[in-house]
Amino acid sequence: MKRVTLTLTAVSYFVATTLAHAQFGSGVVYDPTQSAHAISQIKNEEKSIQNEAQQIEEGQEIFTNTTKIAATAIQTYNTVKQQYNLYRQMMLAPQMLYSRFLSPMTDVRTLQQISNTYGNSMGWLNSANTGNGAAASYQQVSVPHTSNIVPGYGSTSIVGQQQIAAQGATVDIGDSVMSNNLTVLGTIRANQTTRQTDIANLEAATQSKDPSQQTIMAELQRINQALLLQLRAMQDANQINANLALQQIVAQKQQQDSLKAGFQDAADYTDTYQTRVAPAYIGGAQALTY
């Protein structure tokens, strides 16, 4: 801008001097060619000034836009920084906020030997804690049931044999169900130590400040591990429920056996009375008439 101003001043001075010399007769003649040339230079300078002014305006606009972009970038940076601080606080929150509210877990305790009066309860307790040898230990603490057929079974009626066989099957099936339940519960109880270790490791990794444990992949792995632990717990619960259902079926079978035996006795009462009870009464009455 200073250069343009100086140029205009020089041209104006040149034109004024030329005109003055020509007017006052100083010997200098007015030259139209030089005047036209000076006017052309003035127009060029005006165009140059306009271009520079336009460039200045464009520069100002660019500067304004750059300022706006910088302000937007600063605002975006502040937003990202706030989100980062929030994420970091969320990652550290379980240990900082919740750890003091955690209470010790009540694990499944192993059965303790209180007394072993007749020397046969220790095996059952061991089976209940580990699931090993449940069938043998259950038989040790149960009323003996021989596998031999009861005496006189072959000489009874068909109906009597059916009732004896049904009751014997109920006892055999009940023993199998009880020994199986003892095995399942003992195995679940024995695995509680391993499960507790898995839960403790999962809890420690969740509340850790280690950066490697605060990544998305590490968090997803912990979620998957927690889901697997839940699935295993559900599987154990389903086994217990299935065993309880089977035990209820055996108990219902025992009730059905008793009910059917009662109906059978009632149905045979008439024949039994006519063939055995009535003749005995008749014989007694005849004896008393003598």
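Since the structure is predicted, the reported quantities are computational estimates derived from the model, not experimental observations. Sequence order as written defines the numbering, with residues in each chain counted from 1. Where local features are concerned, this predicted model is filtered to residues with pLDDT of at least 70; where side-chain atom pairs are given and counted, the filter is 80 or more; whole-chain, interface and lining totals use all residues. Each side-chain value is worked out from all heavy atoms of the structure, with water and hydrogens disregarded.

Chemist: Could you clarify how one ought to interpret the overall build of the protein in this entry?
Modeler: Elements are defined by DSSP. Helices are runs of H or I of four residues or more, strands are runs of E of two residues or more, and each kind is numbered from the N terminus. When its secondary structure is counted, the protein shows seven helices and zero strands. Along its sequence from the N terminus, the protein presents helices and strands in the succession α-α-α-α-α-α-α. Residues classed as buried in the protein amount to 15% of the 290 residues present. For the exposure calls, accessible area comes from a 1.4 Å probe over protein chains only, and a residue counts as buried if that area is under 20% of its type's maximum, exposed if over 50%, partly exposed in between.

Chemist: I would appreciate a short explanation of the side chain of N129 in the present structure.
Modeler: Relative to the helices and strands, N129 is located in helix α3 (residues 122-130). Of the residues examined, N129 reaches a relative accessible area of 14% and is grouped as buried. Should any heavy atoms of two residues lie within 4.5 Å, those residues are considered in contact. In this structure N129 touches T110, L111, G186, R189 and A190, once residues within four positions along its chain are discounted.

Chemist: Would you explain the side chain of D257 in this entry?
Modeler: Turning to its location among the elements, D257 is positioned in helix α7 (residues 216-289). Pairs of N or O atoms within 3.5 Å make up the polar contacts considered here, provided that, within protein, one atom can donate a hydrogen while the other can accept it, and that residues adjacent in sequence are counted only when both atoms are side-chain atoms. There is a polar contact of 2.6 Å between the side chain of D257 and the side chain of T170. With residues up to four places along the chain from it excluded, the contact list for D257 reads A166, Q167 and T170.

Chemist: I keep staring at the pattern of salt bridges and nothing clicks. Help me out?
Modeler: Where charged atoms of side chains with opposite charge meet at close range, the side chains can pair. In the sections that follow, a salt bridge refers to a side-chain nitrogen of Lys or Arg positioned within 4 Å of a carboxyl oxygen of Asp or Glu. Across all of its chains, the model carries one salt bridge by this definition. With a closest N to O distance of 2.9 Å, K253 and D257 form a salt bridge. Within this pair, K253 and its partner D257 are both found in helix α7, separated by four residues, close to a single helical turn. For K253, a relative accessible area of 26% gives the class partly exposed.

Chemist: For this particular structure, what's the right way to read the confidence of the model for the protein?
Modeler: Put simply, the protein has an average pLDDT of 76, and 70% of its residues get 70 or more. Mean pLDDT across the elements of the protein ranges from a minimum in helix α1 (residues 2-23), with 46, to a maximum in α3, with 88. The predictor attaches a confidence to each residue, called pLDDT, with possible values from 0 through 100. Ignoring residues within four places in sequence, the model shows residues 1-11, a span with pLDDT below 50, making 14 contacts including any to other chains. Under a pLDDT of 50 for its full length, residues 13-26 has, in the predicted model, nine contacts with residues more than four places off or in other chains.

Chemist: Could you clarify how one ought to interpret the packing of α3 against helix α5 (residues 158-190) in this entry?
Modeler: Helix packing geometry: the angle between the two helix axes and the distance between the axes. Structural elements are reduced to axes, namely lines fitted to C-alpha atoms, with helices fitted over the stretch in contact, and the angle between N-to-C directions of any two is expressed from 0 to 180 degrees. Running from amino to carboxyl end, α3 crosses α5 at an angle of 60°, the nearest separation of the two axes being 4 Å. Classified by the angle their axes make, α3 and α5 are oblique. Contacts between α3 and α5 involve W124, S127, A128, N129 and T130 on the former and, on the latter, L182, L185, G186, T187, R189 and A190. When residue character is reported, Ala, Val, Leu, Ile, Met, Phe, Trp, Tyr, Cys and Pro are called nonpolar, Asp, Glu, Lys and Arg charged, and the others, Gly included, polar. Residue composition of the contact of α3 with α5, by class: five nonpolar, five polar and one charged. An angle below 35 degrees is treated as roughly parallel, one above 145 as roughly antiparallel, one from 65 to 115 as roughly perpendicular, and anything else as oblique.

Chemist: So what exactly am I meant to see when it comes to a nonpolar patch on the surface here?
Modeler: Where nonpolar side chains cluster on the molecular surface, the patch consists of I216, M217, L220, I223 and L227 and spans about 500 Å² of accessible area. Tracing the backbone through its elements, the reader meets I223 in helix α7. Exposure above 30% relative accessible area and the lack of any salt bridge qualify a residue for a patch; like charges then connect within 9 Å, and the nonpolar side chains Val, Leu, Ile, Met, Phe, Trp and Tyr within 5 Å. For accessible areas, the Shrake-Rupley method is used with a probe of radius 1.4 Å. Any residue's cover is judged against the shown protein chains and nothing else.

Chemist: Would you mind showing me how to read α3 here?
Modeler: In an α-helix there are 3.6 residues to a turn, and that puts residues three or four apart on one side. Within α3 the residues assigned to the buried category are L125, S127, A128 and N129. Taken together, the buried residues of α3 touch α4 (134-140) and α5. Once α3 finishes, G131 follows within two positions and takes phi at roughly 85°, a positive value.

Chemist: Help me understand the environment of T170 in this model?
Modeler: The topology assignment puts T170 in helix α5. Looking at T170, the relative accessible area reads 6%, which means it is buried. Once residues within four sequence positions are removed from consideration, T170 is found in contact with V250, K253, Q254 and D257. At a separation of 2.6 Å, a polar atom in the side chain of T170 contacts the side chain of K253.

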